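# A structural walkthrough
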Amino acid sequence: NAGVTQTPKFQVLKTGQSMTLQCAQDMNHEYMSWYRQDPGMGLRLIHYSVGAGITDQGEVPNGYNVSRSTTEDFPLRLLSAAPSQTSVYFCASSFQGTSGPYNEQFFGPGTRLTVL
Amino acid sequence: AQKVTQAQTEISVVEKEDVTLDCVYETRDTTYYLFWYKQPPSGELVFLIRRNSFDEQNEISGRYSWNFQKSTSSFNFTITASQVVDSAVYFCALSEETSGSRLTFGEGTQLTVNP
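Below or above, wherever it landed, is the structure these notes cover. Bear in mind the structure is a predicted one, so any value in this text is a computation, not a measurement.

Cut-offs and rules
- Residues numbered from 1 in each chain as written.
- Chains lettered and ligands numbered in written order.
- Predicted model: local features only at pLDDT ≥ 70, side-chain atom pairs only at ≥ 80, totals over all residues.
- Heavy atoms only, no water.
- Helix = DSSP H or I, 4+ residues; strand = E, 2+ residues; numbered from the N terminus.
- Rg over C-alpha atoms; globule rule 2.2 N^0.38 Å.
- Buried < 20%, exposed > 50% of the residue type's maximum accessible area, 1.4 Å probe, protein only.
- Contact = heavy atoms within 4.5 Å.
- Salt bridge = Lys/Arg side-chain N within 4 Å of Asp/Glu carboxyl O.
- Pairing = 2+ DSSP bridges.
- Axes fitted to C-alpha atoms, helices over the stretch in contact; angles between N-to-C directions.
- Phe/Tyr/Trp six-rings, centres within 6.5 Å; stacked < 30°, edge-to-face > 60°.
- Lys NZ or Arg CZ within 6 Å of the ring centre and 35° of its normal.

## Some remarks on the overall build of chain A
- Counting secondary structure elements, chain A contains zero helices and 11 strands.
- Walking chain A from its N terminus toward its C terminus, one meets helices and strands in the order β-β-β-β-β-β-β-β-β-β-β.
- For 116 residues, the compact-globule estimate of 2.2 N^0.38 gives 13 Å, and the C-alpha radius of gyration of chain A, at 14 Å, lies within 12% of that figure.
- Principal-axis analysis of the C-alpha atoms gives chain A an extent of 45 × 30 × 25 Å.
- For chain A, buried positions account for 48% of its 116 residues.
- Across chain A, the fraction of contacts at a sequence separation of at least 24, relative to all contacts at a separation of at least 6, is 54%.

## Considerations on the pattern of salt bridges
- In total, this model carries five salt bridges over all chains according to the counting rule given.
- Glu59(B) is the salt-bridge partner of Arg51(B), the closest N and O atoms lying 2.6 Å from each other.

## Section: the sheet that holds strand 8 (residues 76–78) of chain A
Residue and element names in this part refer to chain A.
- Taken together, four strands build an open sheet; the order of strands is 1-3-8-7 and the sheet is antiparallel. Both edges of this open sheet fall to strand 1 (4–7) and strand 7 (64–66), since each of them pairs with a single strand only. For this sheet, the mean angle separating the axes of adjacent strands, direction not counted, is 20°.
- Bridge count between strand 1 and strand 3 (residues 19–25): four bridges; the pairing is antiparallel. Counted as the bridge partner of Thr5 is Ala24 from strand 3.

## Looking at unusual backbone geometry
Residue and element names in this part refer to chain A.
- That bond from Thr7 to Pro8 is cis: its omega, -5°, falls within 30 degrees of zero.
- Following the sequence through the fold, Pro8 ends up in the loop between strand 1 and strand 2 (10–13).
- Of note, the phi angle at Asn28 is positive, near 60°, even though the residue is not glycine.
- Mapped onto the elements of the fold, Asn28 is located in the loop between strand 3 and strand 4 (31–37).
- What makes Asn28 exposed here is its relative accessible area of 56%.

## A look at the environment of Asp56(A)
- With respect to the secondary-structure elements, Asp56(A) resides in strand 6 (residues 54–57).
- Each residue touching Asp56(A), except ones within four places of it in the same chain, is listed here: His47(A) and Tyr48(A).

## Considerations on the packing of aromatic side chains
- Applying the stated criterion to the full structure yields 20 aromatic pairs over all chains.
- Relative to Trp66(B), the ring of Tyr64(B) has its centre 6.0 Å away and its plane inclined at 85°; by these criteria the two rings are edge-to-face.
- Under the relative-accessibility criterion, Trp66(B) is labelled buried at 3%.
- Three or more aromatic residues joined by ring pairs make a cluster, and in this case those are Tyr35(A), Phe90(A), Phe107(A), Phe35(B), Tyr37(B), Phe47(B), Phe91(B) and Phe105(B).
- Positioned above the aromatic ring of Phe74(A), the side-chain terminus of Arg68(A) is 6.0 Å from the ring centre.

Here it is in structure tokens:
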């Protein structure tokens, strides 16, 4: 059971380039989300999904796209990278269970992205 | 709108001291959930505890304890007899019933335990 995996671990982009951060989980969790972590700002929600085919925006969605074609995968696309997107990105997942959608979220190891 | 405030940006203690990390939250929902996560220097996020708004009992787990007070909208975290391995960034987070699994995080508190 690998939990939540993210690739790549590190990435350097030039302004204007596009790329996809990969996230996968093998726990059959319905809920998946993407956060970015910036110094002094905690983690902020970018996009989230409550199941395959369903996505919604979080607090800071601009410049990012997501899709959820399978339960396991939830890729995050940067359309045209900007220096302001330099950050550490975390993917997370959780299951609904009997206590509803408020269970603990399991986080991946993170992707450190630098945009020059 | 939901908000979490961790006013202590950095705390430094000497090993074996007790330390309390403060967390104050804002929400309009009557049903909500509070969480604490630990982020050690290696960078991963580790779940510590979840508490729902209807359960105000304090909880103790080994050297860790949590004090939930709805009257002051606080969910404080105490480490007793701190150890060097407790050095990490600690995040408090909130999820409202109306927002499902969406978590709002505080800014985090950097705890350094010196030998």
